2 protein chains.
Amino acid sequence: MIRAKIEQAVGILNELGIDVWMTFVRESASLHDPCIDLVVGGHVTWQSAFLITRSGERIAILGSLDKAAHETLGHYAEIIPYVQGIGEPLRETLARLDPPRIAVNYSTDDELADGLTHGMYLLLQKTLGGTPYGERLVSSEEIVSRLRSRKLEPELARITRACAETVDLFAQLHKRLKAGMTEKEIAAAMVEIMERKGLERAWDPEQCPAVFTGPESAGAHAGPTDRRMEPGHLMNMDFGVRFEGFCSDLQRTWYCLRPGEAAPPEIVMKGFDAVRDAVHNAAAFLRPGVKGHEVDAVARGHIVAQGFEEYAHALGHQVGRQAHDGAGLLCPVWERYGERPFAVVEEGQCYTLEPRVPVPGHGVATIEEIVVVTRDGCRFLSPPQTEIMLVKP
Amino acid sequence: MIRAKIEQAVGILNELGIDVWMTFVRESASLHDPCIDLVVGGHVTWQSAFLITRSGERIAILGSLDKAAHETLGHYAEIIPYVQGIGEPLRETLARLDPPRIAVNYSTDDELADGLTHGMYLLLQKTLGGTPYGERLVSSEEIVSRLRSRKLEPELARITRACAETVDLFAQLHKRLKAGMTEKEIAAAMVEIMERKGLERAWDPEQCPAVFTGPESAGAHAGPTDRRMEPGHLMNMDFGVRFEGFCSDLQRTWYCLRPGEAAPPEIVMKGFDAVRDAVHNAAAFLRPGVKGHEVDAVARGHIVAQGFEEYAHALGHQVGRQAHDGAGLLCPVWERYGERPFAVVEEGQCYTLEPRVPVPGHGVATIEEIVVVTRDGCRFLSPPQTEIMLVKP
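Parameters at a glance
- Residues numbered from 1 in each chain as written.
- Chains lettered and ligands numbered in written order.
- Predicted model: local features only at pLDDT ≥ 70, side-chain atom pairs only at ≥ 80, totals over all residues.
- Heavy atoms only, no water.
- Helix = DSSP H or I, 4+ residues; strand = E, 2+ residues; numbered from the N terminus.
- Contact = heavy atoms within 4.5 Å.
- Pairing = 2+ DSSP bridges.
- Axes fitted to C-alpha atoms, helices over the stretch in contact; angles between N-to-C directions.
- Parallel < 35°, antiparallel > 145°, perpendicular 65-115°, else oblique.
- Left-handed = near helix turned anticlockwise from the far one by under 90°.
- Nonpolar A, V, L, I, M, F, W, Y, C, P; charged D, E, K, R; others polar.
- Buried area = accessible area lost by both parts, 1.4 Å probe.
- Salt bridge = Lys/Arg side-chain N within 4 Å of Asp/Glu carboxyl O.
- Polar contact = N/O pair within 3.5 Å; in protein donor to acceptor, adjacent residues only side chain to side chain.
- Phe/Tyr/Trp six-rings, centres within 6.5 Å; stacked < 30°, edge-to-face > 60°.
- Buried < 20%, exposed > 50% of the residue type's maximum accessible area, 1.4 Å probe, protein only.
- Lys NZ or Arg CZ within 6 Å of the ring centre and 35° of its normal.

1. Observations regarding the side chain of His362(A)
And step 1. Here His362(A) shows up in the loop between β14 (356-359) and β15 (363-366).
And step 2. For His362(A), the contacting residues outside a window of four places in its chain are Gly214(A), Pro215(A), Gly232(A), His233(A), Leu234(A), Tyr255(A), Arg258(A), Pro265(A), Ile267(A) and Val268(A).

2. Points about the sheet that holds strand β13 (residues 350-353) of chain B
Residues and elements named next belong to chain B.
And step 1. Spatially, β13-β16-β17 is the arrangement adopted by the 3 strands of the open sheet, whose pairing is antiparallel. Every interior strand has two partners, whereas the edge strands, β13 and β17 (378-380), have only one. On average, each strand axis in the sheet is inclined to that of its neighbour by 35 degrees, with strand direction left out of account.
And step 2. Alignment of strand β16 (residues 369-373) against β17, held across 3 bridges, turns out to be antiparallel. Bridging from a neighbouring strand, Val372 pairs with Arg379 of β17.
And step 3. Running over the sheet, helix α9 (residues 266-285) touches β13, β16 and β17 and is turned about 145 degrees from β17.

3. Some points on the packing of α9(B) against helix α10 (residues 292-305) of chain B
Residues and elements named next belong to chain B.
And step 1. As a packed pair, α9 and α10 sit with axes 8 Å apart at the nearest point and diverge in direction by 150 degrees. Regarding the angle of α9 to α10, the classification is roughly antiparallel. In terms of crossing hand, the pair formed by α9 and α10 is right-handed. From α9, Ala274, Asp277, Ala278, Asn281, Ala282 and Phe285 reach across to α10, where they touch Glu294, Val295, Val298, Ala299, His302 and Ile303.
And step 2. Across the contact of α9 with α10, the residue classes tally to 8 nonpolar, 2 polar and 2 charged.

4. A short note on the interface of chain B and chain A
And step 1. Between chain B and chain A, the residue contacts involve 55 residues of the former and 55 residues of the latter.
And step 2. In total, about 4,800 Å² of surface goes out of reach between chain B and chain A, with carbon and sulfur atoms giving 56% of it.
And step 3. Applying the counting rule to chain B against chain A returns 2 salt bridges.
And step 4. We note a salt bridge from Arg26(B) to Asp114(A), for which the minimum N-O separation is 2.8 Å.
And step 5. Taken together, chain B and chain A are joined by 25 residue pairs in polar contact (both at pLDDT 80 or more).
And step 6. By residue number, the principal contributor to the side of chain B that touches chain A is helix α5 (residues 118-127) of chain B, which donates 6 residues.
And step 7. Per-class residue counts for the side of chain B that touches chain A are 22 nonpolar, 21 polar and 12 charged.

5. Examining the packing of aromatic side chains
And step 1. Inspection of the entire model under this criterion finds 8 aromatic pairs over all chains.
And step 2. Pairing Tyr106(A) with Tyr121(A) gives two aromatic rings, centres 6.3 Å apart and planes at 70 degrees, and the pair type is edge-to-face. One end of the pair, Tyr106(A), is in the loop between β5 (102-104) and α5 (118-127); the other, Tyr121(A), is in helix α5, with 15 residues separating them in the sequence. Just as Tyr106(A) is buried, Tyr121(A) falls in that class too.
And step 3. Across from the ring centre of Phe285(A), 5.2 Å away, lies the NZ or CZ of Arg287(A), which sits over that ring.
And step 4. The lysine or arginine in question, Arg336(B), covers the ring of Trp46(A), its NZ or CZ lying 4.5 Å from the ring centre.

That's the geometry; what it means functionally is another story.
This is the structure we're talking about:
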């Protein structure tokens, strides 16, 4: 997979007219530049530079004791080991390539293209002092964005499998749900089912699964509490698994019936339908060429038109090696999203669609699906939730 | 533990005369500033600032959906949530505190104090544009170095326990070793013993354990191969476990006897003794107030004086939450180590001592121990290797 992504990167360098892409890292187990998983593989201890060029050269400059491990991996054809310092071999290599532009991993907007630390940036500038190359550094964000977004067939297959597994876990969990269970108990049941299938969580265990029940529930991004799922509650779960390094990230909503109730109250159904239809309207609109904020506006607009409060987050993010896989967000034009709302949707990208509606007196209705962008639209990677799931009193 | 480390940090801010220490992060699960484990706990999604002041204030500014999780954690007394952007609440908070110096997490030399990415640094400067605070940013490296180095009693107890477990694992492995096993088989045996005890590895599974046998062995930092441990080989293992979040990192050396041999050849014993005595000479010299390069020189000098090649790395690094726990290295004055050789040893620090000697025709003799610096010297955290271990032919 690393070799295939490096080949893909060479194509992207040519598209963008960038001569060299350099991943500059150290002690990569402690502070892990996400580009390492894409185009390096393995770890390094000392300052190391992994260079990919437009013409397809793959050059690694690294501490001598890291040499053998990277020779074994075999992703970089030329390996230049050093003992005392990276300065001389790095300056020599750049002088030989003499690239007009060198992309390095920093980005104000995309955290997955921002693995170069500020200290390493300062060190690189110091190392390149007296050469013209310090001034030729540019951001790799567009390279990384395209490379992460354009899923290769085996990448898409793994995300699809992670989604299928998750949908199956939701179905198994559904059979176990009973009124009176606490958020923690519901989460523990899900983890037990997941572990029995030999799967692992897609993100931080404290919030995977996240479970929210009732009108006083904490809101997104908090861990499960001792709050009980009571009759009349909306209960929702945000959960994902990792399959061979790739993630799912889905949400489902349940309603806990009151004694004597055959169906949820009208306001709950109205909230659920608003969320479901927002997902489907956005999916119907989503296609190559549209901008992220335009997609967000379709879902947000529908929810506001139904008389509900707009959600305090983006409609969707990309999914891949991370549940939040960077760049190309479907989000409103808000300060915290920088330039990301204006990114153009491309074929092969995988997005979540995850609007949310608080239903007064009951809790939160929320659905999260994952779609892959196709040539002229998009398709769901797993069967979407179309009906609210009911827990008997 | 987080609260205790925050209290310790307040003391260090006062020692250093720094007014505010700000950990500025986003999507912390993807690119994880190591300071989060020290003084934040939990994760954040959006741009977030965690401020600790000299007077003991603890202020978190974060995306509204991360608020509940951090309220539940309870480490920050004041939590300021935002929806659209961090700029306004951050500028207001800094204006209220009006600190002459604001430490942020960047460092050219210490990767564990270098969690601020270059993109986030640029974003911070942009956010602080029009205020005086962008120019008041300084490196937090000395704060982080002191905070990681000065082990609290529960931190030291966990590292000690991790070392004790590792020494026990080496003893169990010893009983299983047979001539003819491959490096991969030896590594697999160690992992099996480890898992049976419910322990987890301290670093990258591909190189934990690292196993090297014979004169053609790959050198440090490569994964185990199909090379067999043959009679006449030196075999060594580099291994560590994680116990309640804290690491060990130890190395041991074996010699595989030839048929008819009762003891290793003289040259092997000379190599082993050179390593062992280098460890003990360095430990005898190590005490508060000496500089890292002075300690390295004691071990390096002994090995060269015995007629062996000097090792191509540092004598030792600190151990803690990471096997390589940053700053204060016992290393020679080489370019790649920056200013680190000149750091002064302090009481409460935990260092590895890990010289290495290639013995021509046999392989590599290497021992790694961990010591804690005491008031007037240091002590080993687990029984050091004093005798070469023998594998029968």
